[in-house]
Amino acid sequence: MAKSKLGIVINGIIKENPVLVLLLGLCPTLGTSTSAINGMSMGLATTAVLICSNTIISIIKKAIPDKVRIPAFIMVIASLVTVVQMLMEAYVPDIYKVLGLYIPLIVVNCIVLGRAESFASKNSVIDSMFDGLGSGLGFTMALTILGIIREILGSGTIFDISIVPSFWQPALIFILPPGGFMTIACVIAYQNYLKQKKGA
């Protein structure tokens, strides 16, 4: 049993990574991965919502009529996002100010609703919880990696700590929207190259 739970988590991180494999949730990915701390914070907030929403939806799935299934899922997710938003505003106001609009947008993030519909509504509570954990960690990992790359190239820092020589001239484009597209394209291309090389 332990192995199957681990398999569910690994599946969300690697085989069905929401960003790098399924290409879901690209709006918050590109918008919040301008730095490592922003990407990681957005990923962790989404992970908390994923775990809780999957668990709750799996518990109440039999009580929800098919006709109102999606609206009911959205209500559960919206309630959880509100809680996360209030906690972030209270305890990490600086990060909350930076992420801004992207926190409420977790409600309509296709990753969260997709996992609720495709997994939590059809599986056990424990499996659904681990699925939320796996998808959330996969999302967090992708955002953090993209944030690290963009922050190093665009600012010469990592987690706001300078790591490059003083003569380094950062390329501002990497912390702007075009840099987000270029970075994610290169990461996905490199990932596909490794897969092909492994298959060969």
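Predicted model, so just to flag it, every value in this text is computed and none were measured.

1. Thoughts on the packing of helix H3 (residues 36–60) against helix H6 (residues 110–120)
Okay, step 1: One can describe the packing of H3 onto H6 by two numbers: an axis separation of 10 Å at closest approach and a directional angle of 30°. Overall, the two elements H3 and H6 adopt an arrangement that is roughly parallel. In this structure, the crossing between H3 and H6 has a hand that is right-handed. On H6, the residues touching Thr46, Val49, Leu50, Ser53, Asn54, Ile57 and Ser58 of H3 are Ile111, Val112, Arg115, Ala116 and Ala120.
Okay, step 2: Considered class by class, the residues forming the contact of H3 with H6 number 7 nonpolar, 4 polar and 1 charged.

2. Re the side chain of Gln85
Okay, step 1: Among the structural elements, Gln85 can be located in helix H4 (residues 69–91).
Okay, step 2: A distance of 2.9 Å separates a polar atom in the side chain of Gln85 from a polar atom in the side chain of Tyr96.
Okay, step 3: Residues within four places of Gln85 in sequence aside, it is in contact with Tyr96, Ile103 and Pro104.

3. Some words on a nonpolar patch on the surface
Okay, step 1: Taken together, the side chains of Val83, Leu87, Tyr91 and Val92 make up a nonpolar region of the molecular surface, amounting to roughly 410 Å² of accessible area.
Okay, step 2: Structurally, Tyr91 can be placed in helix H4.
Okay, step 3: Given the relative accessible area of 67%, Tyr91 is considered exposed.

4. Quick word on the state of the cysteines
Okay, step 1: According to the stated counting rule, one finds 0 disulfides in the structure shown.
Okay, step 2: Just so you know, Cys110 is unpaired, no disulfide at all, and the nearest cysteine sulfur is the one on Cys27, 9.7 Å from it.

5. What about the layout of surface pockets?
Okay, step 1: If you add up the space inside the largest pocket, you get close to 280 Å³.
Okay, step 2: Taken together, 13 residues line the largest pocket, and the ones lying closest to its centre are Ile14, Leu20, Gln191, Leu194 and Lys195.
Okay, step 3: Contributing elements (two or more residues each) for the lining of the largest pocket: helix H1 (2–15), helix H7 (125–155) and helix H8 (177–199).
Okay, step 4: For the lining of the largest pocket, the per-class residue count stands at 9 nonpolar, 2 polar and 2 charged.

6. Brief notes about the pattern of salt bridges
Okay, step 1: In total, this model carries 5 salt bridges according to the counting rule given.
Okay, step 2: In this structure, the salt-bridge partner of Arg69 is Asp66, at a minimum N-O distance of 3.9 Å.
Okay, step 3: With relative accessibility at 64%, the residue Asp66 sits in the exposed group.
Okay, step 4: Taking the shortest distance from any N to any O, the salt bridge between Glu117 and Arg69 comes out at 3.0 Å. Note that Glu117 is positioned in helix H6 and Arg69 in helix H4, a separation of 48 residues in sequence.
Okay, step 5: Among the charged side chains, a salt-bridge network with shared partners connects Glu16, Arg115 and Asp131.

7. Focus: the environment of Leu105
Okay, step 1: Position of Leu105 relative to the elements: it lies in the loop between helix H5 (93–99) and H6.
Okay, step 2: Taking the C-alpha atoms as reference points, Leu105 and Val81, separated by 24 residues in sequence, lie 8.7 Å from one another.

8. Observations regarding the packing of H4 against H6
Okay, step 1: It is at 10 Å that the axes of H4 and H6 come closest, and there the two elements cross at 130°. Taken together, the axis directions place H4 and H6 in an arrangement best described as oblique. Once H4 is placed against H6, the crossing between them reads as right-handed. Across the interface between the two elements, Arg69, Ile70, Phe73, Ile74 and Ile77 from H4 touch Val112, Leu113, Ala116 and Glu117 from H6.
Okay, step 2: Here the contact of H4 with H6 is composed, by residue class, of 7 nonpolar, no polar and 2 charged.

9. Some points on unusual backbone geometry
Okay, step 1: Phi angles above zero are rare outside glycine, and Leu23 is one such case at about 55°.
Okay, step 2: Mapped onto the secondary structure, Leu23 falls in the loop between H1 and helix H2 (26–32).
Okay, step 3: Despite not being glycine, Phe159 has its phi angle at roughly 50°, a positive value.
Okay, step 4: Looking at the secondary structure, you find Phe159 in the loop between strand E1 (157–158) and strand E2 (161–162).
Okay, step 5: For Phe159, a relative accessible area of 33% gives the class partly exposed.

Procedures and definitions
Residues numbered from 1 in each chain as written. Predicted model: local features only at pLDDT ≥ 70, side-chain atom pairs only at ≥ 80, totals over all residues. Heavy atoms only, no water. Axes fitted to C-alpha atoms, helices over the stretch in contact; angles between N-to-C directions. Helix = DSSP H or I, 4+ residues; strand = E, 2+ residues; numbered from the N terminus. Parallel < 35°, antiparallel > 145°, perpendicular 65-115°, else oblique. Left-handed = near helix turned anticlockwise from the far one by under 90°. Contact = heavy atoms within 4.5 Å. Nonpolar A, V, L, I, M, F, W, Y, C, P; charged D, E, K, R; others polar. Polar contact = N/O pair within 3.5 Å; in protein donor to acceptor, adjacent residues only side chain to side chain. Patch = residues over 30% accessible without salt bridge, like charges linked within 9 Å, V, L, I, M, F, W, Y side chains within 5 Å. Areas by Shrake-Rupley, 256 points an atom, 1.4 Å probe, with all protein chains shown as cover. Salt bridge = Lys/Arg side-chain N within 4 Å of Asp/Glu carboxyl O. Buried < 20%, exposed > 50% of the residue type's maximum accessible area, 1.4 Å probe, protein only. Disulfide = S-S within 2.5 Å. 1 Å grid on protein atoms, 1.4 Å probe; cavity = no way out; pocket = protein on both sides within 12 Å on 5 of 7 lines; lining within 4 Å. Points joined across faces, edges and corners; volume = space filled by probe spheres on them.

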